[in-house]
Amino acid sequence: MAAKKLQIALYWGAACGGCDVAVLDTNEFILDVAALADIRLWPIAVDGKYEDVEAMADGELDLTFFNGAVRNSENEHLAKLLRRKSKLLVAFGSCAHMGGIPGLANLTNREAIFSSIYLQNPSIEPGNKKIPHPETCLDDHVLELPQFYKRVYKLADIVPVDYFLPGCPPAPEQVKLSILALAGGKLPSKGSTIGAAERNVCDDCQRSKSEKKIKRFYRPYEIIQDPEKCLLEQGIVCMGPVTRSGCGVRCPESGMGCRGCYGPAPDVLDQGTKFISALGAIIDSKDPKEIAAIISGLPDLTSTLYRFGLPASFLQRSLKS
Amino acid sequence: MESRECKIGVYICDCGTNIAKVVDCEAVREYISELPQVAIARTYKYMCSNPGQELIIQDIKEQGLERVVVAACSPRMHERTFRAALQTAGLNPYLFEMANIREQCSWVHDDPLAATEKAKALTQAAVLRVAHHEALEQMMVDMCPNTLVIGAGIAGLTAALELADAGQKVYLLDKQDHLGGNLARVDLTAPYLDSARDLLTERITRVKTNDNIELLLNSRLQELKGYVGNFSATLVSVDSDDPEENKAQKIEVGNVIVCTGYKEFPAERVTHFGYGKLPNVITSFDFEKMLRAGRIESKDGKIPKYVAIIHCVGSRSPEYHGYCSRVCCMTALKYVHEIKSAIPSCYVSDLYIDMHAFGKGHEDFYRRTSEVKTMFLMFGKGDHPIIRSAGPKDDCEMLIEVNEQLSGEVIEIPADLVILMVGMEAREDATETARLVNISQDKDGWFIESHPKLDPVATTTDGIYIAGTCVAPKDIPDTVAQARAAAGRILAKIAKGKIAVDAIYAEINEDSCSGCRICNELCPYSAIEFDDEKKRSHVLSVMCKACGACVAACPSGAIKGRHFTDQQIFAQIEGVLR
C-alpha cells in the first residue's frame, strides 16, 4: 500500500502573490510536490473553498504555508482556522514572518489609509467618494466585507507559528529544500527559521571588504559601481550586515544593496536600530551639520530600515494619528 | 523579558540622612521584598561601613544569596567596596549591581513621594538586571618591566632616574642630540634663583652613567603596538627620511611615559609689540640666551638703562591662548632680580595684567621684587601697552604707553629693551605623539589625563603615562612631582609582576562575525584587529576598555559586551518601566 500522501495547504493573507510565484518558480519540482502531496487549499493555483477547510478534522492537514501579513478579519480568521487544521504552520515569506511591505502601513493609520485610497485618490470620480463599510444592506441582503484592522500584524502575533521561512520572496531553492525537509520529517526545533542560514549576508557576499567610511549616500543609479567592492563602502545602502543570509546574495550580486528581506541576522534583535548604530560608526564626519546632511541622503529612513519588518520591530507602529 | 530564578539580597542604604531625608527607604524595602526573586531586603544606615558590608557577607553565607543589589550612592563611589564584600563571602564580585538612589534620587529631587517611586524603579531595575549577571573572572597578563620614556627634559630625566635607580631598565628617547629639553635653555630659576644648569647637570651626569638607562638621542617613536605590559615600540633616527638607510630599532616595553614638553608661543603672531621689527623687542627665551651668555645688551651692544617686561604675550587672550601659562609671572620677577644684579642702575618696569603668584615661596618672591624698586604697572585684560621708537631728544630707544589700571592714568615709560613674556603652547608634533601612543588632546593640544584630579599622570590608555608640560603649562617642582609620580605608578606595577585586566570587555563571537569591518576603525583604544586569513575581527581583551562602541555598532550582533549584554540591559529597562 502506498504511503499516505502529505496533506498540505498554501494560503495568502495580506500579500502580493510573489510568495506563491516563488513556489511555482521551483519549476518542475512542483510536479514532485503534487506527486508527494494532496494540495487541499491554494487559492492562487488550486481550487479549494474555505468551507472545505472548515469541514476538515483538526490537525487533518500535515503542513500549511501561510504567506502574507494579517491586515483584516479574513486574514485572521483563516490564520486561526488553518492553525487548528494543521499539524505544522509555516510563516512563509517576509509578510507572514515580520509583516513585510504591507507592515509599513503601520507608519500611518486606518483613517489616513481610507482617506487616501477612497477620498483623495485622483482617479476617483467626484460622485463616487465612499469609504466602504464592513456591512452594507442592499435589497434586504446584508453584504459583508472583512474588517480592516487598525494595524498590520505578523502571523505569529495572531497564532503560534512552528517555523519561519523568510524572504521576499523566499529563494525557490530554499523553498524546495524546505518542502523536502518537512515532507521527509526532518523537523528542526519549533520556532526556528528554516530555508535560511545562521549567518549574515556579508558572510556570503563575495565583494571585498575593508574599513568603511561614508561621505555621502548614493542611489544605485547615481554612481558607477565598482563591481568588486562592498556596496556600503561605495555609499550604497546595503542591509547585508544586519540581515540573515540564505537568499543567495541575490541583490548585492546584481548591484543592488540588500534590502533586508530575510530579517535580522541570527544574533540581531532589531534590524533597523542595529543598522542605524552601524551607520553611526561609519559615517565619516564629526560635524553634526555634515552628519545630518549625509543622513538626509537616505530617502525615507524608517522604511529603508524596516522595509520588511516594521510590525516585528521594537517600533511596531506609529501611535500618532 | 523572562525573569530568572535566583536568590537575590537587596540592601537599601540611608546614607545617614543623605538618602533617607528624601527617599522613604523603608517603603522601597517593602516594595522590593515583594519581588519573587528577592530572598532578603534590608535597610541600613551606612551600607559602606564595616557593619554594613558585614551584613551582606553574613547573608551570603547564611542565606545562600546568589546575587546582591545595593541601592545607595554612585557605583563610582562604592561599587568596588561591595564587590570586595561579595568576594570575601565567596561570591563572584560581578554578581552584584548598584542602584544609585542618592545622586540620581535624593540629591536631585525634593518631592519625597516621587523620589521614593523613582528609587523603587531604579532598585527594581537593578534586581531584574542582576538576575542575568554572569560570574566573570579577571585576566592576569605578564608585564615587561622595561619602560620607554619619551622626552629627555627635566621630566624625562627625573622619571628615567627614578625607574633606573630602582633597578629597572629604561629607554630614554629624545629627538634632540642632547639632554635637558627646554630647561637647558633657562638660566636661573624662580623663586630661589638657583641655576637651571646645576639642576640639570647633576641629573644628566647620573643618567649618562646609569647602566639601566639606554639613551636614544636623535631618535623618535615611529610605531607603538601592543597593550599595557606588552608594548613593542619601533624607534627611528630623526636625521634620515630614507627608510633604507634609516634602520628601525625595535624594543619591548611594559609602560611608556610621555614627557615631550612644550614649545614657546611664537611672538611674531602678536604684531602690536613690533616683535621682529623693533630690534630691541625680544622674547623671554631670547633674554634667557643673553643671561646664559652673561651679558645683557641691546642690539647695538649697549647696556640698557631701561628694561620693560610685558606679561601674558599669547596667554589669557581669546585671540591666542585662553589659558594662563603659569610660569611667566615668576620668570618675569626672576628677570628683575637678574637685571638688577647685573646692572644695578637699570630701571625695570613690569607690565602685567594680574600677578599670579600662587606657588610655594612665590608671594615672598613678589614682595622681594617690589623691594628692589621695580615699577609695576597694571594694564587691562583685552588692552595692551603700545610701543613706539623714541625720538632723537629722548634718552631711550623706545617709549611705552600704558593705560595703567591702578592709577587710572595713561603713563608713558622709557625702554631700551622690551622683554615679551611668551607663554607655553603644545608642541607641533603633539598630535602625532598622541596618535602614536593612543592618548587624547584637549582643545589646546595638551594631553588629557585619566582624571584631572584623582588620576593626573595616567591616561585613558593603560600603560601610557604623561608628565610635565606636555600635559599643561607648569613649573619645575610640579613637573618633577609628576615625573616621579608616573615612575612610581610604573614601579608599583612592576612590583606586582602581573597586571589584572578588568573582566568587563567586549568579545567577538567568530561564528557570527561576517568580517564586515564596521568595527575596525571605531575602537578608540585600537583593541580590534582584523584577521585577513579568517576574515574575522578580533578584540584584544586586555586593551578593551568596555566602552561599548563596537557592541552597538556590530551589525551582525557578533560583539557582546561582557556585563552589558542585551539581556541584562533589557531586564534593567523593564525594571524601570514596570
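Keep in mind that this is a model prediction, so the values were computed, not measured.

Engineer: I'm lost on the sheet that holds strand 14 (residues 255-258) of chain B in this one. Help?
Structural biologist: By definition, the strands of a sheet pair up through backbone hydrogen bonds, in either a parallel or an antiparallel sense. Residue and element names in this part refer to chain B. Read across the open sheet, the 5 strands follow the order 10-7-6-14-25; overall the sheet is parallel. The open sheet is flanked by strand 10 (213-216) and strand 25 (464-466), the only strands paired with a single partner. Ignoring which end each strand starts from, the neighbouring axes of this sheet average 20° apart.

Engineer: Mind showing me how you'd approach unusual backbone geometry here?
Structural biologist: With the exception of glycine, the majority of residues adopt a negative phi angle, and the majority of peptide bonds are in the trans configuration. Between C168(A) and P169(A) the backbone carries a cis peptide bond, its omega angle lying at -10°. By secondary structure assignment, the location of P169(A) is in the loop between strand 9 (163-165) and helix 8 (172-183). Across the junction of A190(B) and P191(B), the peptide omega takes the value -5°, indicating a cis bond. With respect to the helices, strands and loops of the structure, P191(B) is situated in the loop between strand 8 (188-189) and strand 9 (194-195). Its identity as a non-glycine residue notwithstanding, N218(B) has a phi of 55°, on the positive side. Tracing the backbone shows N218(B) in the loop between strand 10 and strand 11 (219-227). Judged by the 15 C-beta atoms lying within 10 Å of it, N218(B) falls in the partly exposed class. Positive phi outside glycine occurs at R316(B), with the angle close to 50°. Looking at the secondary structure, you find R316(B) in the loop between strand 17 (306-313) and helix 9 (328-342).

Engineer: Which parts of the structure should I look at to understand the sheet that holds strand 11 of chain B?
Structural biologist: All names here are of chain B. Taken together, the 3 strands give an open sheet; going across it, the order is 11-12-13, and neighbouring strands pair in antiparallel fashion. Each of the sheet's edge strands pairs with one partner strand only, and the pair in question is strand 11 and strand 13 (249-253). The average undirected angle you get between the axes of adjacent strands in this sheet is 25°.

Engineer: Teacher, can you tell me more about the interface of chain A and chain B here?
Structural biologist: In many analyses, interface size is given as the accessible surface area lost on bringing the parts together. Facing 22 residues of chain A, the contacting portion of chain B comprises 16 residues. For the side of chain A that touches chain B, the secondary-structure elements that each account for two or more residues are helix 9 (201-204) and helix 11 (271-282) of chain A. Class assignment for the residues of the side of chain A that touches chain B results in 11 nonpolar, 4 polar and 7 charged.

Each value, and the rule that gives it
- Residues numbered from 1 in each chain as written.
- Chains lettered and ligands numbered in written order.
- Predicted model: local features only at pLDDT ≥ 70, side-chain atom pairs only at ≥ 80, totals over all residues.
- Pairing = 2+ DSSP bridges.
- Helix = DSSP H or I, 4+ residues; strand = E, 2+ residues; numbered from the N terminus.
- Axes fitted to C-alpha atoms, helices over the stretch in contact; angles between N-to-C directions.
- Buried ≥ 20, exposed ≤ 12 C-beta atoms within 10 Å, placed from the backbone.
- Contact = placed C-beta atoms within 7 Å.
- Nonpolar A, V, L, I, M, F, W, Y, C, P; charged D, E, K, R; others polar.

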